[in-house]
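# Notes for the structure review
As a plain string of letters, each chain reads:
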Amino acid sequence: MIRKVPLAAAMLSSLLFGSVAMAQSGRDYITVVGSSTVYPFTTTVAEQFGKAGKFKTPKVESTGTGGGIKLFCGGVGVQHPDIVNASRAIKTAELEACAKAGVAAKDIVEIMIGYDGIVVASSSKGKPYKLTRRDIYLGLAKQIPDPANPSALIPNPNKTWNQVNKALPADKIEVLGPPPTSGTRDAFVEMVMEAGCSTFPWIKSLKEVDESRYKRVCDAMREDGGYVEAGENDNLIVQKLEANPKALGIFGYSFLEENISQLQGATVDGVAPVFDNIASLKYPVSRPLFIYVKKAHVGVIPGIREFIAEYVSDRAMGGEGYLADKGLVPMSAGDLAKVRSSALARIK
Amino acid sequence: MSSRTAADTRLLVEKSLRRRAWAERRFRAYGLGAVLLGVVFVFFLFASIISKGYTAFLQARVTLDIFYDPAAIDPEGTRQAETLAMANYSALVRAALREKFPEIEGNARRRALYALVSSSAAFELQHRVQADPSLLGQRQRLSFLAAANVDQLLKGKIDRRLPEANRVLTDQQIACADKLVNDGQLKLRFNSAFFTGGDSREPEQAGVWGAVVGSMYTLAVTLLLSFPIGVAAAIYLEEFAPRNRWTDLIEVNINNLAAVPSIVFGLLGLAMFLNFFGMPRSAPLVGGFVLTLLTLPTIIIASRAALKAVPPSIREAAFGMGASRLQMVGHHVLPLAMPGILTGTIIGMARALGETAPLLMIGMVAFIVNVPRSLADPATVLPVQIYLWADSSERAFLERTSAAIIVLLAFLIVMNAAAVILRNRFERRW
């Protein structure tokens, strides 16, 4: 038994180092990292692209927008990703970090892929909600202006929705939503909480004078049980809403579309969260989604140009494309044509 | 005097007898209650997973009469590989559906009709034609995957009584599906794609085989590395190393490592294997390295305990016969300790099989369609596949998530059963 050990060790080491050496020589598939919101769309394109049979199916990791951009900005070379999914535009600080690692801003191609609506929904067994962004702010913020003395802030006293607005049902405020690490939360705070907060003129004027105080006042969500951080898994929120018809949930539009037999979306500022309203930007809580491509890898990793061509094609991103079936809200045909020609002109 | 104390003692004992008997009965009841509670939880876990997941082992398939129309695929009749690869095969599926439902007209209504069949049908036809171009011009009756929503309808998971706007299928689509069912062209069959395919964004095409292969590669690397290293470390520490401050320090550290949260090993793997050694991301090889770090302490501790359990008389007898220390270990102690070592190894492996957190850091939480062919190919593992499906918006992924959990549980049960069998067959008591 002991005599066989050296032989086994030699076989083992040759096996391991052999495959490492093989892997380092090159990469013949595209690597994508980034946002979990964009993940379902990029994976769908990747699958179609792989099935066409000319190139290998790209590998798509779900790391979150921030984590993905960090990996993407790691540098140029086969060990770094080629494309990053982002549920928000890349930040200046991130571009600077990128440039330091050798990925210059001019070598990063931004491609907008469409819109995503964030919905406030409840079980279809409960009452339909008609909310305004001001209602949502008054219901969910940690501090709100005192109704008796509007220039002072008090901890949020509202326990039921009809205390916020007489027209709303007398149900307890209980909203399930994403935690602060999520891109959906960032977008929700920016588009709903800050907008609702700015309906108070003195807070709105604060934005120019003392922006950090403005952010503190508007961005903080209540922590007394009215707003429940339900984790990154939107399916979990959907299942909790089915079990509790009085609760509301905050998540991406695609989950509302897939679960339309169990859920109903609340109108925000009088606009229902339906496909057409999000596509026309009438629905106030919709945001653009992006992918970023590293130009230095085009031509080194096979298939990047063809992959992008598939992504921006009509059959994928168009009004009746397969991404729309997956819940992406497409841009207008005119915008798509512009995005397509500029993307394909920059990636050669 | 002495008789009085004896009577007192007896009285005292008789008084306490009832109390002690009660205490014992209570303790037994608590113990039984704890076991029952555990059994109830296990029962609920299995019942909920199996009741949600068993439907995924069946899949709706549509049978259609396909006409390999040469005018649609190869109008010039060149039969060149390039033409056959670029042709629009979904047109054949659409034509077959139009033939079946000639009454459906209009673009939107036809699109709704086409959505009944999975998009994989076109690729299946493409593979058939590319393999055998002489099929062109012929007719064939073939069975394709139905779309996930049709599958859910057949499984009774779509409520027909809801208003049309609140359903993922329209009235027209349901009527077409019903007609196909009546004509025997739409049936639930065994879902072989689930066990042979890789991941997919379309629930009806998604399978666990890619994740199973990824798990097997990862575990193979883990086993090949952690077993020899762990056993060698245990033998050295137990049989050869002097007892001093340094070996004590090593022992304390190994015990601490066994309790470190697994994500920490992922961060270590990212820093060491990926950033320093430049190994590929998402590879089962690196996953195996990281899980080796995770399982080594478990294997070392279990192996040391097994070696310790071999009685010293065996060692003394071997020495008495003139054996060297290495011979004593190799010929006598190690074979006797092997059942315990193997049990510890298998339990360590079972833990490694269920890990996701450390793999997140090294990029194995990813969408990978192709079944991995080597240790350096990108791969994912079973628990990661479960996590990714649980996070998908399509409702048909719910049952697939549970089905993947059933597959993972089956793996774990097989591994734990192997541990029990090895222990029972080879264990020796002194």
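Residues numbered from 1 in each chain as written. Chains lettered and ligands numbered in written order. Predicted model: local features only at pLDDT ≥ 70, side-chain atom pairs only at ≥ 80, totals over all residues. Heavy atoms only, no water.

### Considering the interface of chain A and chain B
Interfaces are often sized by the amount of accessible area the parts lose when they come together. The interface of chain A with chain B comprises 43 residues on the first partner and 44 residues on the second. Of the roughly 4000 Å² buried between chain A and chain B, counting both surfaces, carbon and sulfur atoms make up 55%. A salt bridge links Lys 326 of chain A to Glu 202 of chain B; its shortest N-O distance comes to 3.6 Å. Remark: the boundary between chain A and chain B carries 14 residue pairs in polar contact (both at pLDDT 80 or more). Among the elements that make up the side of chain A that touches chain B, the one with the highest residue count is helix α1 (residues 5-24) of chain A (eight residues). In the side of chain A that touches chain B, the residues fall into 18 nonpolar, 14 polar and 11 charged. (Contact = heavy atoms within 4.5 Å. Buried area = accessible area lost by both parts, 1.4 Å probe. Salt bridge = Lys/Arg side-chain N within 4 Å of Asp/Glu carboxyl O. Polar contact = N/O pair within 3.5 Å; in protein donor to acceptor, adjacent residues only side chain to side chain. Helix = DSSP H or I, 4+ residues; strand = E, 2+ residues; numbered from the N terminus. Nonpolar A, V, L, I, M, F, W, Y, C, P; charged D, E, K, R; others polar.)

### So, the packing of aromatic side chains
Aromatic rings in a pair are described by how distant their centres are and how their planes are angled relative to each other. For the structure on display, the rule yields 16 aromatic pairs over all chains. Ring geometry for Phe 49 of chain A against Phe 307 of chain A: centres 5.3 Å apart, planes inclined by 70 degrees, an arrangement best described as edge-to-face. In this pair, Phe 49 of chain A sits in helix α2 (residues 39-51) while Phe 307 of chain A sits in helix α13 (residues 304-311), placing the two residues 258 residues apart along the sequence. Every member of this aromatic cluster is reached through a ring pair, and the members are Phe 57, Phe 190, Phe 194, Phe 195, Trp 389 and Phe 397 of chain B. Above the face of the Tyr 29 of chain A ring, Arg 27 of chain A is positioned so that its terminal group lies 5.9 Å from the ring centre. Taking NZ or CZ as reference, Arg 134 of chain A lies 4.2 Å from the ring centre of Phe 200 of chain A, over its face. (Phe/Tyr/Trp six-rings, centres within 6.5 Å; stacked < 30°, edge-to-face > 60°. Lys NZ or Arg CZ within 6 Å of the ring centre and 35° of its normal.)

### A few points about the domain arrangement of chain B
All names here are of chain B. Assigned domains within chain B: domain 1 (57-190) and domain 2 (209-426). The junction of domain 1 with domain 2 conceals about 450 Å² of combined surface from both sides, 50% of it contributed by carbon and sulfur atoms. Between domain 1 and domain 2 we count two salt bridges in total. In this structure, Lys 155 and Glu 399 form a salt bridge, with 2.8 Å as the shortest nitrogen-oxygen distance. Across the contact surface, domain 1 and domain 2 share three residue pairs in polar contact (both at pLDDT 80 or more). If one sorts the elements of the side of domain 1 that touches domain 2 by residue count, helix α7 (residues 148-154) sits on top with three residues. Its residues assigned to classes, the side of domain 1 that touches domain 2 shows two nonpolar, two polar and three charged. (Domains from an automatic or database assignment.)

### What about helix α9 (residues 211-219) of chain A?
For an α-helix, 3.6 residues make a turn, and residues three or four places apart therefore share a direction. All names here are of chain A. When we look at burial in α9, the residues that qualify are Tyr 214, Val 217 and Cys 218. Buried residues along α9 cover an arc of 85 degrees about the axis, so they all sit on one side. Residues of α9 that are buried in the fold lie against α5 (133-140), β6 (143-145), β7 (153-155), α7 (183-197) and α8 (201-209). (Buried < 20%, exposed > 50% of the residue type's maximum accessible area, 1.4 Å probe, protein only. Arc of directions from axis to C-beta.)

### Notes on the domain arrangement of chain A
Residue and element names in this part refer to chain A. Under the domain assignment, chain A is made up of domain 1 (28-115 + 288-346) and domain 2 (117-286). Opposite the 10 residues of domain 1 that make contact, domain 2 presents 11 residues. Taken over both partners, the interface formed by domain 1 and domain 2 buries close to 800 Å², and the fraction arising from carbon and sulfur atoms is 60%. Contact with domain 2 buries surface across domain 1, with Tyr 115, Gly 327 and Val 329 losing the most and accounting together for 52% of the total. There are zero salt bridges connecting domain 1 and domain 2. Linking domain 1 to domain 2 there are zero residue pairs in polar contact (both at pLDDT 80 or more). Broken down by class, the residue content of the side of domain 1 that touches domain 2 amounts to five nonpolar, three polar and two charged.

### Some details on the packing of α7 of chain A against α9 of chain A
Residues and elements named next belong to chain A. Put simply, α7 and α9 touch, their axes get as near as 9 Å, and they point 100 degrees apart. In terms of axis orientation, α7 runs roughly perpendicular to α9. Facing α7, whose interface residues are Val 189, Met 193, Glu 194 and Cys 197, α9 presents Tyr 214, Lys 215, Val 217, Cys 218 and Asp 219. Of the residues belonging to the contact of α7 with α9, the class tally is six nonpolar, no polar and three charged. (Axes fitted to C-alpha atoms, helices over the stretch in contact; angles between N-to-C directions. Parallel < 35°, antiparallel > 145°, perpendicular 65-115°, else oblique.)

### With respect to the pairing of strand β4 (residues 108-123) of chain A
Residues and elements named next belong to chain A. Of all 16 residues making up β4, 15 are buried, and the element is well covered by its neighbours. Note that β4 and strand β13 (residues 286-294) share nine bridges and pair antiparallel. In the sheet register, Val 109 faces β13, and the bridge partner there is Val 293. Relative to strand β10 (residues 248-252), β4 is paired through five bridges, and the arrangement is antiparallel. Paired with Ile 118 across the two strands is Gly 252, which belongs to β10. Pairing between β4 and strand β11 (residues 263-265): three bridges, direction antiparallel. When the sheet's bridge partners are listed, Ala 121 is paired in β11 with Gly 265. (Pairing = 2+ DSSP bridges.)

### Points about the sheet that holds strand β3 (residues 186-190) of chain B
Residues and elements named next belong to chain B. Spatially, β2-β1-β3 is the arrangement adopted by the three strands of the open sheet, whose pairing is antiparallel. With one partner strand each, in any of the chains shown, β2 (139-145) and β3 form the two edges of the open sheet. Averaged over all adjacent pairs, the angle separating strand axes in this sheet is 40 degrees, with direction ignored. Its contacts with the sheet place helix α4 (residues 90-100) against β1 (58-67) and β2, and it is angled at close to 90 degrees to β1.

### Considerations on the state of the cysteines
Residue and element names in this part refer to chain A. In the structure shown here, the tally under the stated rule is two disulfides over all chains. The disulfide that involves Cys 73 links it to Cys 98, with 1.8 Å between the sulfurs. Taking the sign of the S-S torsion, about -75 degrees here, the bridge from Cys 73 to Cys 98 comes out left-handed. Of the two residues, Cys 73 sits in the loop between α3 (65-72) and β3 (83-86) while Cys 98 sits in helix α4 (residues 92-100), which places them 25 residues apart along the sequence. Each member of the pair Cys 73 and Cys 98 is classed as buried. At a sulfur-sulfur separation of 1.9 Å, the disulfide partner of Cys 197 is Cys 218. Judged by the sign of its S-S torsion, about -65 degrees, the bond between Cys 197 and Cys 218 is left-handed. Of this pair, Cys 197 sits in helix α7 while Cys 218 is found in helix α9, placing the two residues 21 residues apart along the sequence. No difference in accessibility class separates Cys 197 from Cys 218, as the two residues are buried. (Disulfide = S-S within 2.5 Å.)

### Describing the pattern of salt bridges
Overall, the coordinates contain 37 salt bridges over all chains when judged by the stated rule. With a closest N to O distance of 3.4 Å, Lys 56 of chain A and Asp 28 of chain A form a salt bridge. Taken together, the positions of Lys 56 of chain A in the loop between α2 and β2 (59-61) and Asp 28 of chain A in the loop between α1 and β1 (31-34) put the pair 28 residues apart, joining distant regions of the chain. What you see here is one network of salt bridges that share partners, running through Asp 151, Lys 155, Lys 157, Glu 399 and Arg 400 of chain B.

### Section: unusual backbone geometry
We note that Asp 269 of chain A has phi near 50 degrees; this positive angle belongs to a residue other than glycine. One can find Asp 269 of chain A in the loop between β12 (267-268) and α12 (275-279). Classification of Asp 269 of chain A as partly exposed rests on a relative accessible area of 33%. Even without being glycine, Ser 282 of chain B reaches a positive phi, approximately 65 degrees. Inspection of the secondary structure assignment puts Ser 282 of chain B in the loop between α12 (262-276) and α13 (284-308).

### What about α13 of chain A?
Residue and element names in this part refer to chain A. For α13, the set of buried residues is Ile 304, Phe 307, Ile 308, Glu 310 and Tyr 311. Around the axis of α13, the buried residues are gathered within 155 degrees of arc, so they sit on the same side. Those residues of α13 that are buried lie in contact with α2, β3, β4, β13, α14 (314-317) and α15 (322-325).

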